Amino acid sequence: MTREDDSELRDTALEATELDRRLTATWATPPGLWGALSTVDHKIIGRRYITTAVVFLALGGLLSLLMRLQLAQPEARFIGPDRYNQIFSIHGTNMMFLFAVPVMQAMAVYLVPLMVGTRSIAFPRLNAFSYWMYLAGGLLLWIAFMLDAGPDVGWFAYVPLSGPEYAAGKRADIWAQMITFTEVSALAVAVEIVVTVFKQRAPGMSLDRIPLFVWSMLVTSFLVILAMPAIMIASTALILDRLVETHFFNPAEGGDVLLWQHLFWFFGHPEVYIIFLPAVGMVSTIVATFTRRPVFGYLGMVMALISTGVLALGLWVHHMFVAGLPRLGESFFTASSMAIAIPAGLQIFCWLATIWAGRPIFKTPFLFVIGFMVIFVIGGLTGVMVASVPFDTQVHDTYFVVAHFHYVLVGGAVFPLLGAIYYWFPKFTGRMMSETLGRWVFGLIFAGFNLTFFPMHILGLRGMPRRIYTYQPEMPWSGLNMLISLSAIILAVGFLLFFIDAIRSGRSGAPAPSNPWGASTLEWATSSPPPPYNFARTPVVGSLEPLSDNPDMLPVAAGLRVDCRELLVTSVVEAIPEAREPSSGDSIWPLWAALATTATLIWSIFTPWAVVWGSIPVAIALIGWFWPKGTSEDDS
Amino acid sequence: MLIEGTGFALSIVVYLYLMSLAPSWPLNAAPPDLLAGTSLTALLVASLVPNLFLARWARNQNLLKVRVGLIVMSLLGIAPLILRAFEFPAMHIKWDQNAYGSIVWVMLGLHTTHILTDLIETLVLTCLMFSRHGDNGRRFGDVSDNAMYWNFVVVTWLPMYACLYWVPRL
Amino acid sequence: MRTARPLLLSVIIAVAPGCSGNQSALNPHGAPAIHVEHLIIGTVAACTAVWILVMVILGLALLRRRRAAADSAKSEARLTMTVVAAVVATGVIIAGLTIASFYTTRSIGGPESAALTITVRGQQWWWQIFYASSGATPGFQTANEIHIPLGEDVNIRLESADVIHSFWVPSLAGKQDLVPGRSNSLLLRAEKPGVYRGQCAEFCGLQHSHMAIVVIAEAPVDYERWAAAQRGDAMVPADPDAAAGQAAFLAKPCAACHTVRGTPANGTTGPDLTHIGARQTIGAGLLETTRGSLAAWIADPQTLKPGNNMPMVPLTSVELQNISAYMESLK
Ligand code: HEA
Ligand code: HEA
Ligand code: CUA
Ligand SMILES: [Cu+2]
């Protein structure tokens, strides 16, 4: 590595300000609309991704308020059955596919490259493409809803209700195609994360020094890769049944109705851990920072993540306990579902031990973690309850299950996420969120949440099925429903305050230093917000907590080029530097490819020929994407 | 490839699942004719030989041989498509007749799209290798990735072939 | 032609709500539901204890006074021991819960032994019910209301005519789906006489909310009396209004969809109305059966139960009154 002529300028040759200038020139996104549309900077895309997902959270939340309005009283007439069915289907679909999964992946898109100390995510163009696909899928769902063509078959769209015979119109097709959009984008991100984590870690970050959040995203990404093909097959088969009269789900012609359920839940169950595991990683990160010590039992935590991931693939039947499968098989799924309490418990115990041994600081992110513990354990325990077949025969498809999954989804994923947003907001924006407002937000959401969802357990046991748009006055449910609806207002006020805080702080919050919490992972080793190239010099890691070992001076590795985008590739296990690898530059082609794919997918709701004709522009866009442009990134 | 492999595996699982439910299998159809499918299988397996050579040449960055190899592989990508066209009628069933027809057509279709995408990729690479962008480490890397992908397409076909052609004869 | 609108409005206001009865897993009166209730109480108690324990430890961990410099190696080892112990305890508890769950399933048993089999066919959005013939006694059909003899095992065979539904009468037993192309079964065994309400639990489209079913458990003699009455053909209307109603019923499209045994009406799209007047509710639990509610329903089913599969048949108010009288007379 001695050649240092201008065509191959290395960072070794430059001092700090000059290095910054050169690297910025190489990595920065050009200003203007074109720059914004063609950028592949993982931080810009990650921020976009997060913002979009949070907007979907707000929209989905507004839908839930409409439901609560309708359900507050018996036989209310605010919303008719047709609208109501669209509303709860879109609430569920939106929350799962457009909010929860993408927001977790979005956090990873932003954070993982920083946490492993590299300059960019792997396959940055694919990353841009995945965002556009996600956005298109979200718009498809919501525009359809505005046009009164929103899916109305529930978030798991059971056949035959969603099949050709009973779901006329295009509503169910829109649901199925929206799935395709979000799956494509989720799969793309999963592949990027896996490669980033395996091949781009900072030198010295061997497997046992990977931050727990990164581990959790790695396991999550594998789950995505293994589980999502099932829903792809399922939704494709559904579209084929509806469009070209295949008979996958038609019992009259040898098809089977439960086949759908098996395929859906083979994906759908891992899906909930795809949402939950990243949240676990966030909790570990926050706990470590705010108890001022590393998380207790690192190895145990990693094993828990992996075993949850493995077990997750073997539980799907617990969503089908009353579908009439053989009892013996169901018992197996009871045992395996309950078994997942062991890794979950292990994690809880390790966090408790960490807090016990540490010195807690009660800042807003940590408050959300405490809220998470209180709520998630309830949700997990009700999960253990419904895992029992006889128990489940009474509560399946009732508000008890609605309570279970909001406890685990909101308590287990949204609470950690809110904590994580308070925690990483300074890194994302360079500004702090308000600590005072944060306490109010936490208090309102915590109280509002429990008041809203705890009574649902009781409603379920007292016979109230889910997915009903109304109930009769003589059913003994109206009091609790009114309480729930009123409490949902408290919850909504809490969220509103959160949005206000986020928007206000983003504009005029106190400027953040590079490491405001005294945290120990690499993302805090660079400025807030980070420069386009993340790290001026690649950090070298000597322990699990690189910043607390050596708070002022992080050892760095040098030798990367500064005149073109280049990053360091390291070995999978030990993270020993192996090579310098170019990283693609900005490109508009991912957007074109996404547009072409979008047009094809939407058109194919109407005619199968769309796939044939649509593949032409898609192929053109892909060739344009990969065709070498003669830049140095392409050629080295 | 892990993703697609899972997809292929699942399609086989669906096939076997539907079979397990059916009173007789194939449902209201004769077992498929073997000729087209078997010759396609033979052809695919045979195509592995030039493909492995191509991969080796790409590793050695031998431009000339890679060019030749790519042309051969392009042709070997087109030939199975022709045979595939005969496979669909050999199934003696249409996709909209019953669930057996549906899964059989989807499995064939799924695999065909993989042949097709690989073929297009091979064609594009062939053009590239004849252009000024050709002689370049990254392009050779692309060629060996592409060869790898073809191996995958061939290998995944084998269980599908067994499933489509031989399971109905059990 | 005068339509029935004004009458309808007054009737809707007057109509008393349908029957409610028991519909709660916590108020069990059937053997399977009682077993499950025990399981529910036990499991919830165990889990509550676990939660309280975890919360207490969390509270202590957060608030405990920290000693300046503890022997860190020793305290780490103690923590490790504690965590391992907790994980082992978790394993023991879930093993216990799993065993309790299996045991409950076992004690509920299957419907194989039942003497009486009733077939329930779910339809969007009502329940079609068949009592099988046994020996010389013929079977019969009814809708939305099941009678069962007290203290006897009854096998409910579950089938679907269209989409998936779920049969759930929580006070008697847990639920079981009705899956098109498959046939499931469920054991019922009422331990106390009463009227038990149930409701479709699997989302099945527009009127999933109004797909209730009533199960009446009664002493075996009462049950036999009821069954004998059900087997018979429909009563011949005595009252002149009802007789006129019968004529109108047969002349209008009603007969194309509904069966009234003993008359030419033999449609199969809608519920069998042979003994509709004897059922407690109409419209799958929507309204209590009275002449007024029948009139309201027939005059405008789409307002009362939007989207259901019975169209509004234009009738004059006289026709409507007569038909309602006729329906009510079909005891
Ligand atoms: C983030 C999402 C998330 C998470 C983490 C979980 C976690 C769990 N879930 Fe849940 N679940 C959902 C989301 C989630 N679930 C959703 C969305 C649905 C409904 C879908 C729909 O129908 O719409 C659902 C439905 C669902 C069902 C189907 C119910 C039905 O439809 O009838 C079942 C059944 O077994 C189940 C079980 C479990 C179990 C056993 C866990 C376990 O992982 C929980 C483990 C955690 C703990 C147990 C707590 C911590 C442990 C301790 C403190 C140790 C001590 C514990 C003991 C001694 C027991 N879930
Ligand atoms: C992560 C997932 C997630 C989240 C966060 C939520 C959040 C909420 N959910 Fe949801 N829910 C599901 C996932 C989720 N849900 C799923 C999967 C289903 C099943 C669907 C199905 O059956 O198919 C379901 C079903 C479901 C039902 C059952 C419907 C039925 O069966 O008929 C109900 C009923 O009360 C409900 C309520 C709520 C409420 C009150 C919230 C609250 O927590 C929401 C709080 C948020 C807000 C209130 C937003 C506040 C926003 C503002 C105030 C606007 C500010 C705007 C700007 C600044 C732009 N949900
Ligand atoms: Cu039938 Cu819900
Ligand atoms: Cu699950």
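Residues numbered from 1 in each chain as written. Chains lettered and ligands numbered in written order. Predicted model: local features only at pLDDT ≥ 70, side-chain atom pairs only at ≥ 80, totals over all residues. Heavy atoms only, no water.

*Asks:* Can you walk me through the overall build of chain B in this structure?
*Replies:* When you go through chain B residue by residue, the secondary structure sums to five helices and zero strands. Reported as C-alpha extents along the three principal axes, the dimensions of chain B are approximately 60 × 30 × 25 Å. Here chain B, with 170 residues, has 51% of them falling under the buried criterion. Roughly 7,500 Å² of accessible area belongs to chain B as shown, and the carbon and sulfur atoms make up 71% of that amount. Measuring between centres, the 10 positive side-chain charges of chain B sit 8 Å from its 9 negative side-chain charges. (Helix = DSSP H or I, 4+ residues; strand = E, 2+ residues; numbered from the N terminus. Buried < 20%, exposed > 50% of the residue type's maximum accessible area, 1.4 Å probe, protein only. Areas by Shrake-Rupley, 256 points an atom, 1.4 Å probe, with all protein chains shown as cover. Lys, Arg positive; Asp, Glu negative; His and termini not counted. Charge placed at Lys NZ, Arg CZ, Asp CG, Glu CD.)

*Asks:* For this particular structure, what's the right way to read the interface of chain A and chain C?
*Replies:* Think of interface size as the accessible area that goes away when the parts come together; that is how it is often given. Taken residue by residue, the interface counts 81 residues in chain A and 75 residues in chain C. Buried area between chain A and chain C, summed over both chains or domains, comes out near 6,300 Å², and the portion from carbon and sulfur atoms is 69%. Its largest share of buried area at the contact with chain C, chain A owes to Phe349(A), Trp356(A) and Gln394(A), together 12% of the area lost on that side. Where chain A touches chain C, the interface holds two salt bridges. The salt bridge involving Asp256(A) is made with Arg182(C); its shortest N-O contact spans 3.1 Å. At the boundary of chain A with chain C, the tally comes to 21 residue pairs in polar contact (both at pLDDT 80 or more). Contributions of two or more residues to the side of chain A that touches chain C are made by α4 (81–115), α8 (257–291), α10 (327–339), α11 (341–357), α12 (364–386), α13 (389–395) and α15 (435–461) of chain A. (Contact = heavy atoms within 4.5 Å. Buried area = accessible area lost by both parts, 1.4 Å probe. Salt bridge = Lys/Arg side-chain N within 4 Å of Asp/Glu carboxyl O. Polar contact = N/O pair within 3.5 Å; in protein donor to acceptor, adjacent residues only side chain to side chain.)

*Asks:* Could you clarify how one ought to interpret the coordination of the copper ion (ligand 4) in this entry?
*Replies:* In an ideal tetrahedron of four donors about a metal, each angle is 109.5 degrees. In an ideal octahedron of six donors, the angles are 90 or 180 degrees. Residue and element names in this part refer to chain A. Taken together, His269 (ND1), His318 (NE2) and His319 (NE2) make up the protein donors of the copper ion (ligand 4), found 1.8 to 2.1 Å from the metal. Mapped onto the sequence, the residues coordinating the copper ion (ligand 4) show the spacing H-x48-H-H. A gap of 4.6 Å separates the copper ion (ligand 4) and the iron atom of ligand 1. The class of His318 is buried, set by a relative accessible area of 15%. (Donors = N, O, S within 2.8 Å, 3.2 Å for Na, K, Ca; no water.)

*Asks:* Just to check I follow, could you spell out the site of ligand 1 for this structure?
*Replies:* In the vicinity of ligand 1 there are 36 residues, among which Trp155(A), Tyr273(A), Asp392(A), His396(A) and His404(A) approach most closely. Those residues lying near ligand 1 are distributed over chains A and C. A distance of 2.5 Å is found between an oxygen atom of ligand 1 and a side-chain nitrogen or oxygen belonging to Asp392(A). Arg466(A) is positioned with one of its side-chain polar atoms (N or O) 2.8 Å from an oxygen atom of ligand 1. Of all the elements in the fold, those that place two or more residues in the shell around ligand 1 are α8, α11, α12 and α14 (399–429) of chain A together with α2 (31–63) and α3 (72–108) of chain C. Considered class by class, the residues forming the shell around ligand 1 number 25 nonpolar, nine polar and two charged. (Near = heavy atom within 4 Å. Nonpolar A, V, L, I, M, F, W, Y, C, P; charged D, E, K, R; others polar.)

*Asks:* Is there a simple way to explain the site of ligand 2 in this structure?
*Replies:* All names here are of chain A. Around ligand 2, a shell composed of 30 residues is seen, among which Tyr84, His91, Trp155, His406 and Arg467 lie nearest. Between an oxygen atom of ligand 2 and a side-chain N or O atom of Tyr399, the distance comes to 3.4 Å. Within the side chain of Arg467, a nitrogen or oxygen atom sits 2.7 Å from an oxygen atom of ligand 2. Contributing elements (two or more residues each) for the shell around ligand 2: α3 (42–71), α4, α14, α15 and α16 (478–508). Of the residues assigned to the shell around ligand 2, the class counts are 21 nonpolar, six polar and three charged.

*Asks:* Is there a simple way to explain the domain arrangement of chain C in this structure?
*Replies:* Residues and elements named next belong to chain C. Per the domain assignment, the segments of chain C are domain 1 (20–231) and domain 2 (240–329). On a C-alpha basis, the centres of domain 1 and domain 2 stand 35 Å from each other. Each side of the interface is counted separately: domain 1 has 22 residues, and domain 2 has 19 residues. Together domain 1 and domain 2 conceal approximately 1,600 Å² of surface at their shared face, both sides included; 48% is due to carbon and sulfur atoms. (Domains from an automatic or database assignment.)

*Asks:* So what exactly am I meant to see when it comes to the nonpolar core here?
*Replies:* A general feature of soluble globular proteins is that nonpolar side chains tend to end up buried together. The biggest cluster of nonpolar side chains holds 314 residues, and the ones touching the most others in it are Met107(A), Ile146(C) and Phe167(C). Take this core: its biggest share by element is 22 residues, from α4(A). Apart from the residues lying within four places of it in its own chain, the contact partners of Ile146(C) are Ile118(C), Val120(C), Ile129(C), Tyr131(C), Ile156(C), Phe167(C), Ile213(C), Val214(C), Val215(C) and Ile216(C). Leu273(C), Leu286(C), Leu287(C) and Leu315(C) belong to the second largest nonpolar core, which has 28 residues in total. (Core = buried A, V, L, I, M, F, W, Y, C linked by side-chain atoms within 4.5 Å.)

*Asks:* Is there a simple way to think about the environment of Ala149(A) in this case?
*Replies:* All names here are of chain A. Locating Ala149 in the fold gives a position in the loop between α5 (124–146) and α6 (171–199). Judged by relative accessible area, Ala149 falls into the partly exposed class, the value being 22%. For the pair Ala149 and Pro476, spaced 327 residues apart in sequence, the C-alpha to C-alpha distance is 34 Å. Residues in contact with Ala149, not counting those within four places in the same chain, are Gln86, Ala144, Arg171 and Ile174.

*Asks:* What's the story with empty space enclosed by the protein in this structure? I'm lost.
*Replies:* If a probe as big as a water molecule is rolled over the atoms, it shows which places are left empty. Residue and element names in this part refer to chain A. The tally for this structure, following the rule as stated, stands at six cavities of 30 Å³ or more. Of the pockets and cavities examined, the second largest cavity occupies roughly 60 Å³. Considering the residues around the second largest cavity, the lining is formed by Tyr49, Phe97, Val101, Pro102, Gln105, Thr182, Glu183, Ser185, Ala186 and Met228. Partitioned by chemical class, the residues of the lining of the second largest cavity number six nonpolar, three polar and one charged. (1 Å grid on protein atoms, 1.4 Å probe; cavity = no way out; pocket = protein on both sides within 12 Å on 5 of 7 lines; lining within 4 Å. Points joined across faces, edges and corners; volume = space filled by probe spheres on them.)

*Asks:* Can you help me understand unusual backbone geometry in this one?
*Replies:* Negative phi characterises most residues that are not glycine, and trans characterises most peptide bonds. A cis geometry characterises the amide bond from Val159(A) onward to Pro160(A), with omega recorded as -5°. Positionally, Pro160(A) belongs in the loop between α5 and α6. The omega torsion across Gln124(C) and Trp125(C) is 0°, close enough to zero to call that bond cis. Inspection of the secondary structure assignment puts Trp125(C) in the loop between β1 (116–123) and β2 (126–131). We note that Asn28(B) has phi near 45°; this positive angle belongs to a residue other than glycine. Mapped onto the elements, Asn28(B) comes out in the loop between α1 (2–21) and α2 (35–59).

*Asks:* When you look at the side chain of Thr196(A) in this model, what are you seeing that I'm missing?
*Replies:* Its place among the elements puts Thr196(A) in helix α6. Setting aside anything within four residues of it in sequence, one finds Thr196(A) in contact with Val112(A), Pro113(A), Val116(A), Thr118(A), Ile121(A), Ala122(A) and Arg201(A).

*Asks:* Mind showing me how you'd approach the side chain of Glu523(A) here?
*Replies:* All names here are of chain A. Here Glu523 lies in the loop between α16 and β1 (538–539). The buried charged residue Glu523 lacks any salt bridge partner; its closest oppositely charged side chain belongs to Lys427, at an N-O distance of 7.6 Å. Aside from chain neighbours lying at most four places away, what touches Glu523 is Leu114, Met115, Trp424 and Lys427.

*Asks:* Would you mind going over the sheet that holds strand β4 (residues 145–149) of chain C with me for this structure?
*Replies:* The pairing of strands in a sheet comes from backbone hydrogen bonds and takes either a parallel or an antiparallel form. Residues and elements named next belong to chain C. Spatially, β4-β10-β9 is the arrangement adopted by the three strands of the open sheet, whose pairing is mixed. Two strands lie at the open edges of the sheet, namely β4 and β9 (194–199), each paired on one side alone. Strand-to-strand twist across the sheet, computed as the mean angle between neighbouring axes with direction ignored, equals 25°. Strand direction decides the pairing type here: β9 and strand β10 (residues 212–218), joined by six bridges, are antiparallel. Residue pairing for β10: Gly194 is matched across the bridge by Ala217. (Pairing = 2+ DSSP bridges. Axes fitted to C-alpha atoms, helices over the stretch in contact; angles between N-to-C directions.)

*Asks:* Mind showing me how you'd approach a nonpolar patch on the surface here?
*Replies:* Residue and element names in this part refer to chain A. There is a patch of nonpolar side chains on the surface, built from Trp603, Phe606, Trp609, Val611, Val612, Trp613, Ile616 and Ile620 and spanning about 880 Å² of accessible area. Ranked by residue count, the leading element in the nonpolar patch is helix α19 (residues 609–626), at six residues. Locating Trp613 in the fold gives a position in helix α19. (Patch = residues over 30% accessible without salt bridge, like charges linked within 9 Å, V, L, I, M, F, W, Y side chains within 5 Å.)

*Asks:* Can you walk me through the confidence of the model for chain C in this structure?
*Replies:* Predicted coordinates in areas of low pLDDT are best not read in detail. Residues and elements named next belong to chain C. Scored by pLDDT, chain C has a mean of 89; 92% of the residues are at 70 or more. Taken together, the stretch residues 1–21 has pLDDT below 50 and engages in 42 contacts with residues farther than four places along the chain or on a different chain. Predicted as a complex, the structure gets a pTM of 0.94 and an ipTM equal to 0.93. (pLDDT = per-residue confidence, 0-100.)

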